[in-house]
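Remarks on the overall topology
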Amino acid sequence: MKVKQRVLTCSALILLAGTVLSACSKEESKTNTPSVTSNASQKPDDTAMSKPLELSVAVWDIETGFNAPNAKNDTVYNDLTKKFNITIKPVQITWNDWQEKAKVWAASKQLPDMFANALATDNIGLYQTWAKQGVLKALPDDLSPYPNLKKIFSNPAVQPFKVDGKFYTVPRFGGEDVGDGRLGRPIRYRKDWAEEAGYTKDPKSFEEFMAMTKAVIQKHPGISGLTINSKGYLLTPFLGSFPEMLFSNNWTQENGKWIPAFTSERAYTGIQQLRTLYTDGVLDKDFATQKDADGTNKFLSGQSFALYGLEGVTDEQVTAFKKANPGVSPSKAIGYLNIWPAADGKRYTMAGAPFWSETLFPATLSDEKFKRALQVLDYMMSDEYRVLGINGIENVDYKVENGQYVSLLKAGETLADKYPITSKLVWLAAWDPLLYKGKKVVSSDPEAAALQKLQIETWNRYKQEDTSMPVNFDFNAISTPAKNKFTALDPDIQNDIIKVILGKGDPIAQWKEIVKGYDAKGVPEAIKEVNDEVAKRGIK
């Protein structure tokens, strides 16, 4: 499931960089987004907030934070509730059930007061339906009382989320422009093993990558050449041939007509490469049946040469690597491998809207609660709260020294233990872009700190050297009945790609037959409806 894969990426990368980008736009463009004001926190009106209110909140794994042994001593959370005179009723959702629970709640009119989802970003048809059916509450036209909210709604990427002139969702930002997710589909590799095999530069082609990997396998028999963090990462090599296929339900423009990317002949190269990875024994033989993160664990434990995934590395992952690879310096051994150039000579990176997922509100929410909820959300979007939520309290948990955020935590002490509710609640308003802004605490582990530094350097290097994959926000906002049905086919397309990888015979012939089979699932109707709408809207 693409969404889940994106989210699971968040578990690793959001903690360190957090830009899971979903929507698409045609070209990289500065979007003038929301650099949230650093001290734009609400200045609560004593009268307006004199009445205590309870807000029910559903965000991933929130109940775990409330049930933690130290929950009542979570100073950051306690200050937040005191500041806004609220109590929060946690409503548990997990990465496995968050989408289905929202549908059940919507059907039974039991949606929490604030709930996380990816309705507009991943299922715009359902988002529009819920907005028109009165399931969701519309945001006020005048957002002046909420300066941080007002800024994010000035972003062009958000404009397509208007339904009949109103917004019904608050996107969860993790970056500031369309290319901030450039490390969202990273290729990690053992650069020490590559150097041992005679390779010291990024591969210039798929064939060179294969040669490099096979040379490493020869020196380290028994390892896998390539593992994947989860199935969504399987499409990473398309960045080197047909970037639009990085997500299987993307569309592309060919000969003046928009078509689903998977129906394009340009997908053939990547399909063939995926088959070759498998038949040549480079791709992990268990990739199709493994659980999410199994491939990452194999990489960290020295069982694979390369990995699709792992934007950032946590302290725990560095510890796991050290344990499994005694005597090996993680920062010297692990590197980023830039994708080889596509046919046009450019190296592409992932790109999209600078947000993924949203916070939404039920139409049944009272205006009084709605106002308080927006005040809380606005504050949580400020740099002030984001720094607090990610780094803890200044001069207690961290200090700023020579412009660098340095941890003051004692050995064995973690922010998740000190502020267990905050560690879950912090994601309600925004993901964490602070690492690339230089506002995230540097790990006290020198190896982890060195890997953080490499991550930032690589992010900046790709920004200079690589090209963002094509995206078009206006196109992605198109919602037609057949296109919406097509969106639901995404898991089927991914599974069909896996069938071809595991199949026998000519992979392109097999893929052509599969694509032909989608005609009966409404793809031609979706193409017609979409192109009619493109013409109507004048989208280029």
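Residues numbered from 1 in each chain as written. Predicted model: local features only at pLDDT ≥ 70, side-chain atom pairs only at ≥ 80, totals over all residues. Heavy atoms only, no water.

**Examining the sheet that holds strand E4 (residues 170-173)**
- Strand order in the open sheet formed by five strands is E2-E1-E3-E12-E4, with mixed pairing between adjacent strands. Lying at the two open borders of the sheet, with one neighbouring strand each, are strand E2 (86-90) and E4. Averaged over all pairs of adjacent strands, the angle between strand axes in this sheet comes to 30 degrees, irrespective of strand direction.
- Alignment of strand E3 (residues 114-117) against strand E12 (residues 355-360), held across three bridges, turns out to be antiparallel. Across the sheet, residue Asn-117 finds its bridge partner in E12, namely Glu-358.
- Helix H4 (residues 98-107) contacts strand E1 (53-58), E3 and E12 of the sheet and is inclined by roughly 135 degrees relative to E3. (Pairing = 2+ DSSP bridges. Helix = DSSP H or I, 4+ residues; strand = E, 2+ residues; numbered from the N terminus. Axes fitted to C-alpha atoms, helices over the stretch in contact; angles between N-to-C directions. Contact = heavy atoms within 4.5 Å.)

**Let's talk about the sheet that holds strand E9 (residues 304-308)**
- Read from one edge to the other, the open sheet built from four strands follows the order E6-E9-E5-E10, with strand pairing classed as mixed. The sheet terminates laterally at strand E6 (224-228) and strand E10 (334-336), the two strands that pair on one side only. Across this sheet, the average inter-strand angle for adjacent strands is 25 degrees, counted without regard to direction.
- One ladder, built from three bridges, connects strand E5 (residues 187-190) with E10; its direction is antiparallel. Bridge pairing in E10 links Tyr-189 to Gly-335.

**With respect to empty space enclosed by the protein**
- Throughout the structure, instances matching the rule amount to seven cavities of 30 Å³ or more.
- What the largest cavity holds in volume is close to 80 Å³.
- Arg-185, Pro-186, Leu-239, Thr-349 and Tyr-462 are, among the 14 residues lining the largest cavity, the residues nearest its centre.
- The residue inventory of the lining of the largest cavity, partitioned by class, reads nine nonpolar, two polar and three charged.
- A volume near 50 Å³ is recorded for the second largest cavity.
- Here the lining of the second largest cavity gets three residues from one element, more than from any other, and that element is helix H15 (residues 383-391).
- When the residues that make up the lining of the second largest cavity are grouped by side-chain class, the tally is ten nonpolar, no polar and two charged. (1 Å grid on protein atoms, 1.4 Å probe; cavity = no way out; pocket = protein on both sides within 12 Å on 5 of 7 lines; lining within 4 Å. Points joined across faces, edges and corners; volume = space filled by probe spheres on them. Nonpolar A, V, L, I, M, F, W, Y, C, P; charged D, E, K, R; others polar.)

**A closer look at the environment of Pro-52**
- Mapped onto the elements of the fold, Pro-52 is located in the loop between helix H1 (2-14) and E1.
- Judged by its relative accessible area of 58%, Pro-52 is exposed.
- For Pro-52 and Thr-296, which are 244 residues apart along the polypeptide, the C-alpha to C-alpha distance reads 45 Å. (Buried < 20%, exposed > 50% of the residue type's maximum accessible area, 1.4 Å probe, protein only.)

**Structural notes on the packing of helix H10 (residues 268-279) against helix H22 (residues 490-502)**
- Packing of H10 against H22 brings their axes to within 8 Å, and their N-to-C directions diverge by 50 degrees. The pairing of H10 with H22 is recorded here as oblique in orientation. Considering how the two elements wind past one another, H10 and H22 form a crossing that is right-handed. The residues of H22 that touch H10, namely those facing Ile-271, Leu-274, Arg-275 and Tyr-278, are Ile-497, Val-500, Ile-501 and Leu-502. (Parallel < 35°, antiparallel > 145°, perpendicular 65-115°, else oblique. Left-handed = near helix turned anticlockwise from the far one by under 90°.)

**Details of unusual backbone geometry**
- One non-glycine residue with positive phi stands out, namely Asn-255, at about 50 degrees.
- If you trace the backbone, Asn-255 turns up in the loop between strand E7 (251-254) and strand E8 (257-260).
- Its relative accessible area of 83% is what places Asn-255 among the exposed residues.
- Residue Leu-310 is not a glycine yet carries a positive backbone phi of 70 degrees.
- Note on placement: Leu-310 falls in the loop between E9 and helix H12 (315-324).

**Concerning the pairing of E1**
- Among the six residues that make up E1, five are buried, leaving the element largely enclosed by the rest of the structure.
- Inspection of the sheet shows E1 paired to E2 by five bridges, in the parallel sense. Its bridge partner being in E2, Ser-56 is matched across the sheet by Lys-89.
- Pairing geometry for E1 and E3, over two bridges, is parallel. For Ala-58, the partnering residue across the bridge sits in E3 and is Phe-115.

**Let's talk about helix H3 (residues 75-84)**
- All buried positions along H3 are accounted for by Val-76, Tyr-77, Leu-80, Thr-81 and Phe-84. Looking straight down H3, one finds its buried side chains confined to an arc of 130 degrees; they lie on one side.
- If you follow the buried residues of H3, they end up packed against helix H2 (62-67), E2, helix H14 (367-380), H15 and helix H17 (420-425).
- Taking the backbone nitrogen of Val-76 as reference, a side-chain oxygen 3.3 Å away marks Asp-74 as the first, capping residue of H3.
- Looking one or two residues beyond H3, the residue adopting positive phi is Asn-85, at roughly 50 degrees. (Arc of directions from axis to C-beta. Polar contact = N/O pair within 3.5 Å; in protein donor to acceptor, adjacent residues only side chain to side chain.)

**A short note on the pattern of salt bridges**
- Inspection of every chain in the model, using the stated rule, returns 27 salt bridges.
- The shortest N-O distance in the salt bridge between Glu-457 and Lys-453 comes to 2.7 Å. Of this pair, Glu-457 and Lys-453 both sit in helix H19 (residues 446-465), four residues apart, which is roughly one turn of that helix.
- Residue Asp-496 pairs with Lys-499 through a salt bridge whose shortest N-O separation is 3.5 Å. Here the residue Asp-496 and the residue Lys-499 both occupy positions in helix H22, the gap between them amounting to three residues, near one helical turn.
- Take Lys-499: its relative accessible area is 51%, and that puts it in the exposed class. (Salt bridge = Lys/Arg side-chain N within 4 Å of Asp/Glu carboxyl O.)

**Description of the pairing of strand E14 (residues 404-407)**
- Inspection of the sheet shows strand E13 (residues 398-401) paired to E14 by four bridges, in the antiparallel sense. Across the sheet, Tyr-398 pairs through a bridge with Ser-407, a residue of E14.

**With respect to the packing of aromatic side chains**
- The full count for this structure, using the stated rule, is 27 aromatic pairs.
- Taken together, a centroid distance of 5.9 Å and an interplanar angle of 65 degrees make the contact between Tyr-278 and Phe-287 edge-to-face.
- Take Phe-287: its relative accessible area is 1%, and that puts it in the buried class.
- Here Tyr-398 and Tyr-405 contribute two aromatic rings whose centre-to-centre distance is 5.4 Å and whose plane-to-plane angle is 10 degrees, an arrangement assigned as stacked.
- An aromatic cluster is present here, built from Trp-251, Trp-258, Phe-262, Phe-475, Phe-486, Trp-511 and Tyr-518 joined pairwise through their rings. (Phe/Tyr/Trp six-rings, centres within 6.5 Å; stacked < 30°, edge-to-face > 60°.)

**Structural notes on the side chain of Ser-329**
- Looking at the secondary structure, you find Ser-329 in the loop between H12 and helix H13 (330-333).
- Leave out the neighbours within four places in its chain, and Ser-329 touches Phe-321 and Glu-447.

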